[in-house]
Amino acid sequence: VTTGINFPDDASANPSADANTLDNYEEGTWTPNNSGGTISISTNYATYTKIGRKVTIHCFVDLSSDGDGTQMIMGTLPFTVASNGYAPSIVNAGDSSSVVVLARAHSGATTIYFFNAVSQGAIAEDQLEGSHVIFQLTYNV
């Protein structure tokens, strides 16, 4: 029985040979964009770290003041979310004190949907317009 995590000696290690081998680590940036209505997104930072199947993103964006009534949807995540579920994350929505925001990445997609964490209804762009949104989200690929 193998226990612990093993680090391969070379980059050509076969990941199927040992399920406990840490064979995939990547860091980078991604570019959030508007996947719905009219609001513009200005990125302060958007980074990710991928370890095996687990991806954690960090994001800080400013939103323009021209949002419409459509649901706030942000794309494009650096990797597609696995088909086995979605990952919730609490969001600090800067100037938007009237809502508690939840960011959720849906399975099989590269987009993040924003919801009211209290009512569980969709957050419209015009509820977040003119604010900044800061969040971290972890999901499986």
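These numbers were taken from a predicted model, which means no experiment stands behind them. (Residues numbered from 1 in each chain as written. Predicted model: local features only at pLDDT ≥ 70, side-chain atom pairs only at ≥ 80, totals over all residues. Heavy atoms only, no water.)

J.: Outline the overall build of the protein chain, listing residues and values.
T.: Check the secondary structure of the protein chain and you find 1 helix and 9 strands. Walking the protein chain from its N terminus toward its C terminus, one meets helices and strands in the order β-β-β-β-β-β-β-β-α-β. Residues classed as buried in the protein chain amount to 33% of the 141 residues present. Per element, the accessible surface of the protein chain, about 7,500 Å² overall, is 48% carbon and sulfur. (Helix = DSSP H or I, 4+ residues; strand = E, 2+ residues; numbered from the N terminus. Buried < 20%, exposed > 50% of the residue type's maximum accessible area, 1.4 Å probe, protein only. Areas by Shrake-Rupley, 256 points an atom, 1.4 Å probe, with all protein chains shown as cover.)

J.: Explain unusual backbone geometry residue by residue, including any values.
T.: The omega angle of the peptide bond from G75 to T76 is -10°, so this bond is cis rather than trans. Looking at the secondary structure, you find T76 in the loop between β5 (73-75) and β6 (87-92). Here the phi dihedral of Q120 falls at roughly 65°; this positive angle occurs in a residue that is not glycine. With respect to the element layout, Q120 can be found in the loop between β8 (111-116) and α1 (125-128).

J.: Residues and numbers for the nonpolar core, please.
T.: One finds W30, I57, M74, L77, I112, F114 and F135 to be the most contacted residues of the largest nonpolar core, which totals 25 residues. Take this core: its biggest share by element is 5 residues, from strand β4 (residues 54-63). (Core = buried A, V, L, I, M, F, W, Y, C linked by side-chain atoms within 4.5 Å.)

J.: Tell me about the packing of aromatic side chains, residues and numbers included.
T.: Applying the stated criterion across every chain yields a total of 3 aromatic pairs. Where Y48 meets F79, the ring centres are 5.4 Å apart and the plane angle is 85°; that geometry is what we call edge-to-face. With Y48 in strand β3 (residues 41-51) and F79 in the loop between β5 and β6, the pair connects residues that are 31 residues apart, well separated along the chain. Judged by its relative accessible area of 10%, Y48 falls in the buried class. Against the face of F79 rests K50, its NZ or CZ located 5.6 Å from the ring centre. (Phe/Tyr/Trp six-rings, centres within 6.5 Å; stacked < 30°, edge-to-face > 60°. Lys NZ or Arg CZ within 6 Å of the ring centre and 35° of its normal.)

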